[in-house]
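# Residue-level structural notes
Each chain is listed here by its residues.
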Amino acid sequence: MAWNKVKLVLQREYFFNFKRPSFLFTAFGVPAITFVAMFLIIQVTANRETNTDAFQKVGYIDRAGIITETVPGYDTFAPVTDVDVSAPADGASPDDLAAYYDKLQERAAGQLDSGVLDAYFVVPDNYVMTGLVDLYAAQNIPSALQSDVEDFMRTQIAARAPGDLPVSSDRLAAPVDVILRDADTGDELGEFAIVGRILLPFLFAFLYFMATNTTAQFLMNGVVEEKENRLMEILATSLRPIELLWGKLLGLGALALTQIVLWAVAGIAIASQFEEARDFISGGAVDIPMLLLFLVVFVLNFALFSAIMLGIGAAVTAEAESRQLASVVTLVNVLPIALLSVYFTNPDGAMPVFFMFFPLTAGIGLIMRIGLTDIPM
Amino acid sequence: MAAPGSNYAVSVRSVTKRYGNFTAVDDLTFDVHSGEIFAVLGPNGAGKTTTIRMILDILKPDTGRIEVLGGPISDRTKERIGYLPEERGLYRNVPVIDILTYLGQLKGMSRSDAQTRATSMLEQVDLGENIKSKVSELSKGMQQKVQIIATVLHHPDLIIIDEPFSGLDPVNTQVIKDLLYSLNSDGVTIMMSTHQMQQIEEMADRLLMVDHGHRVLYGSVQEVRDRFAENAVIVEGEGNWNALPGVASVENAENGREVLLHLASGITPDAIMQEMATSQNYRVRRFELAVPSLNEIFIQVAGGNHNHTQPSELPVRS
């Protein structure tokens, strides 16, 4: 085999298809659009969830008598009062206290309607038993306000701890912070790393499907085009069929790998903008052996699909015919992704195991099970 | 050039090719001499393309032997061949210069040599301004010229070309004809398959006609025409042709100006010409041997009852 001719075909296939608008859109456009869309969504969501500027006046009614401390940083929180209602005297009956707080709640509701208050919360009588606090607002309540109320209440509880308690008030306010560690290395895992360990293989499986099908179809279309316009006859007098096919296979395989690398880099670049996603990536979700496994599976998966697409391209005489046949293969290939829920409910079930051993679904099926169950290698 | 000691650019010996029960080529034997222009003709489905594909090693013969440029075809031999199939195309969305460079490199040229020669040849055929144009932006005639350049770019010793003039206007036909003549004068062997009999008569040294996979005509163009010549002359002039001694019968031509004189057995055209010259009763403006055109021979040999020729492609003899 003349490898210099294989190299010529490889270069031609790689650079010609790299410049195709469809490839450029898939390789660059999709990550770019995803980045912009994610940025906008996150900006809007984050702003809505973290911005408490619209809640400058938050009242509270403490029916349990828990709140005793003025907590720095919670200047917007103030007890609801009513000048028309006098506070019950010490030793007042429970019914009098209940009537008093009911009136305060009515007052708070009125102030919320009139805009005097932006929100108010009620610490109910049975708070000590349930830990529940009712928060009312006239608009969407951001998670930051909920957190503020929770922290405010923790501080109040901590302040009531007996002086001889062998823990600090801070620890009492935040008693537990579980650290996740890798069972093999002992390295600390981020909060989202476990999620990453499950989801990253799914993302890779999706990337495989997209990259393999895009480039394998380029391969098939190229062969059909060369057959249709008789260029194949000219090429057949310049190099051997095996040299032509190797060149195409390697060129488009490199293109598919480029596409995956571009997406992975773009994905990391996007993810690194967010703390949770950094945990997702760097928290030990993917290690070198796993990346090597992904690479090997990708190469084998690509080789199989390219061979099938080449076979289709060689067998048919028209592009429309080739697309029909290719769509059947693609449909089978996408089955593991289409039946995603089966993997979550029972990754060791008959269907995921079958997909892992059936050639047309083996590549994606194997990758998708990795994060969910132990697979003997 | 062919290997030393070999006079044949192509040698085909007793070659047969079958597709199932259909015999496309049946015990075909012919040679293409080095340095000649050789024409292959025949009705559609006669086996021309199959024969060419076997010569190029695209198809393997069932039986028989083929040698190209002095031996069995090899990778090295293929680099010395330029081939242009009848139904042809190029990568449509690729600049002309890129395609030519790629095809030149596949034939063993360096990138710079392929680019330089492609540029030079494109300018030679008036496509200098279209070097960076995509193929899809060119007219059919322009694409045809690019395809022919791709065929000859790498200085082949043997050019095999199917219907080189189809789709070309008279000006571009002449441009390509000049290019092929120029290559042939440099010693390049040209084997062409065409339906355009006028081009064969004008360009080819020898021809092969196949029909139903069999060789039905083979030899120099002049030999073939002479073989089919009748003992008759075409005359334009005035006189009572029936009264001319040695004339067996007279046939008026459709154009009304000339007559075809069928000569009696044993009478030569020279004798008739002498008879006319010595008689005061005849005035002759034109005297010509009645040699049939290749078109007439083609129709006669191919039987005329096949649906194999396209009348518009066949020149009408005046």
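Residues numbered from 1 in each chain as written. Chains lettered and ligands numbered in written order. Predicted model: local features only at pLDDT ≥ 70, side-chain atom pairs only at ≥ 80, totals over all residues.

This next bit is on the overall build of chain A. Each helix and strand in chain A was counted, giving 16 helices and six strands. Put simply, chain A has 377 residues, and 31% of those count as buried. Pairs at least 24 residues apart make up 70% of the contacts formed inside chain A by residues separated by at least 6 positions. (Helix = DSSP H or I, 4+ residues; strand = E, 2+ residues; numbered from the N terminus. Buried ≥ 20, exposed ≤ 12 C-beta atoms within 10 Å, placed from the backbone. Contact = placed C-beta atoms within 7 Å.)

Looking only at helices and strands, one finds ten helices and 13 strands in chain B. Counting across all 318 residues of chain B, residues that qualify as buried make up 38%. In chain B, the share of contacts with a sequence separation of at least 24, taken over all contacts with a separation of at least 6, comes to 68%.

Moving on to the sheet that holds strand E8 (residues 206-211) of chain B. By definition, the strands of a sheet pair up through backbone hydrogen bonds, in either a parallel or an antiparallel sense. Residues and elements named next belong to chain B. The mixed open sheet is built from six strands, whose spatial order is E5-E6-E7-E3-E8-E9. Each edge of the open sheet is held by one strand with a lone partner, namely strand E5 (81-84) and strand E9 (214-220). Each strand axis lies, on average, 15 degrees off the axis of its neighbour in the sheet, ignoring direction. Across five bridges, the pairing between strand E6 (residues 158-162) and strand E7 (residues 189-193) is parallel. Across the sheet, the residue bridging to isoleucine 159 is isoleucine 190, located in E7. Against the sheet, helix H1 (residues 48-55) engages strand E3 (37-41), E6, E7 and E8, with an angle of about 150 degrees to E6. (Pairing = 2+ DSSP bridges. Axes fitted to C-alpha atoms, helices over the stretch in contact; angles between N-to-C directions.)

For the rest of this paragraph, the subject is the confidence of the model for chain A. Per-residue pLDDT for chain A averages 83, and the proportion of residues at 70 or more is 92%. For chain A, per-element mean pLDDT is lowest for helix H10 (residues 275-282) of chain A, which scores 63, and highest for strand E3 (residues 119-123) of chain A, which scores 93. (pLDDT = per-residue confidence, 0-100.)

Once that is clear, we can look at the pairing of E7(B). Residue and element names in this part refer to chain B. Most of E7 sits out of view: five of its five residues are buried. Side chains of E7 alternate between two faces, with Thr189, Met191 and Ser193 and Ile190 and Met192 buried alike. Two strands pair when backbone bridges link them, and E3 and E7 are joined in this way by four bridges, in the parallel orientation. Note that in E7 the partner of phenylalanine 38 across the bridge is methionine 191. Chirality of the crossover, the property in question, places the unit of E6, helix H6 (residues 170-185) and E7 among those that are right-handed. (Right-handed = clockwise from strand over helix to strand, strands pointing away.)

Residue-level contacts link 14 residues of chain A with 17 residues of chain B. Within the residue set of the side of chain A that touches chain B, elements represented by two or more residues are helix H1 (3-18) and helix H8 (231-236) of chain A. In the side of chain A that touches chain B, the residues fall into seven nonpolar, three polar and four charged. (Nonpolar A, V, L, I, M, F, W, Y, C, P; charged D, E, K, R; others polar.)

Residue and element names in this part refer to chain B. The end-to-end C-alpha separation of helix H5 (residues 140-152) is 19 Å, in line with the 18 Å expected for 13 residues at 1.5 Å each. Where H5 is concerned, the buried positions are Gln143, Gln144, Lys145, Val146, Gln147, Ile148, Ile149, Ala150, Thr151 and Val152. Where the residues of H5 are buried, they touch E5, helix H3 (96-106), helix H4 (111-124), E6 and H6. (Expected span 1.5 Å × (residues − 1).)

In this section: the nonpolar core. Residues B:Ile149 and B:Ile160 are the most contacted members of the largest nonpolar core, which totals 76 residues. Take this core: its biggest share by element is six residues, from H3(B). Apart from the residues lying within four places of it in its own chain, the contact partners of B:Ile149 are B:Leu100, B:Ala118, B:Met121, B:Leu122 and B:Val125. A:Ala211, A:Met220, A:Val329 and A:Met368 belong to the second-largest nonpolar core, a separate cluster that totals 37 residues. (Core = buried A, V, L, I, M, F, W, Y, C linked by C-beta atoms within 7 Å.)

A few words now on the pairing of strand E1 (residues 8-19) of chain B. Moving residue by residue along a regular strand, the side chains alternate between the two faces of the sheet. Note: E1(B) against strand E2 (residues 22-33) of chain B, eight bridges, orientation antiparallel. Its bridge partner lying in E2(B), B:Arg18 is registered against B:Thr23.

This part is about the sheet that holds strand E4 (residues 63-68) of chain B. Residue and element names in this part refer to chain B. Here we have three strands laid out as an open sheet, ordered E2-E1-E4, and antiparallel in their pairing. The sheet terminates laterally at E2 and E4, the two strands that pair on one side only. Direction aside, neighbouring strands of the sheet carry axes that sit 15 degrees apart on average. Of the pairings in the sheet, the one linking E1 to E4 comprises five bridges and is antiparallel in character. For arginine 13, the partnering residue across the bridge sits in E4 and is arginine 65. Along the sheet, H1 contacts E1, E2 and E4; its crossing angle with E1, the most-contacted strand, is approximately 120 degrees.

This part covers the packing of helix H2 (residues 21-50) of chain A against helix H9 (residues 241-271) of chain A. Residues and elements named next belong to chain A. For the pair H2 and H9, the least separation of the axes is 9 Å and the interaxial angle reads 15 degrees. By the criterion of interaxial angle, the relationship of H2 to H9 is roughly parallel. Seen along the crossing, H2 lies across H9 with a hand that is right-handed. Here Thr26, Ala27, Pro31, Phe35 and Met38 of H2 lie close against H9, whose contacting residues are Gln259, Leu262, Trp263, Ala266 and Ile270. (Parallel < 35°, antiparallel > 145°, perpendicular 65-115°, else oblique. Left-handed = near helix turned anticlockwise from the far one by under 90°.)

Residue and element names in this part refer to chain A. By secondary structure assignment, the location of leucine 112 is in helix H3 (residues 94-114). Here leucine 112 falls in the partly exposed class, since 19 other C-beta atoms lie within 10 Å of it. When residues no more than four places from it in sequence are discounted, the contact partners of leucine 112 are Leu117, Tyr120, Tyr136 and Ala138.

Moving on: unusual backbone geometry. Residue and element names in this part refer to chain B. With phi around 50 degrees, serine 14 is a residue other than glycine that occupies positive phi space. Position of serine 14 relative to the elements: it lies in strand E1. The exposure class of serine 14 is exposed, given the 12 C-beta atoms found within 10 Å. Although it is not a glycine, histidine 155 sits at a positive phi angle of roughly 55 degrees. In this structure, histidine 155 sits in the loop between H5 and E6.

Counting buried positions along H1(B) gives eight out of eight residues, so the element sits mostly inside the fold. B:Lys48, B:Thr49, B:Thr50, B:Thr51, B:Ile52, B:Arg53, B:Met54 and B:Ile55 are the residues of H1(B) that are buried.

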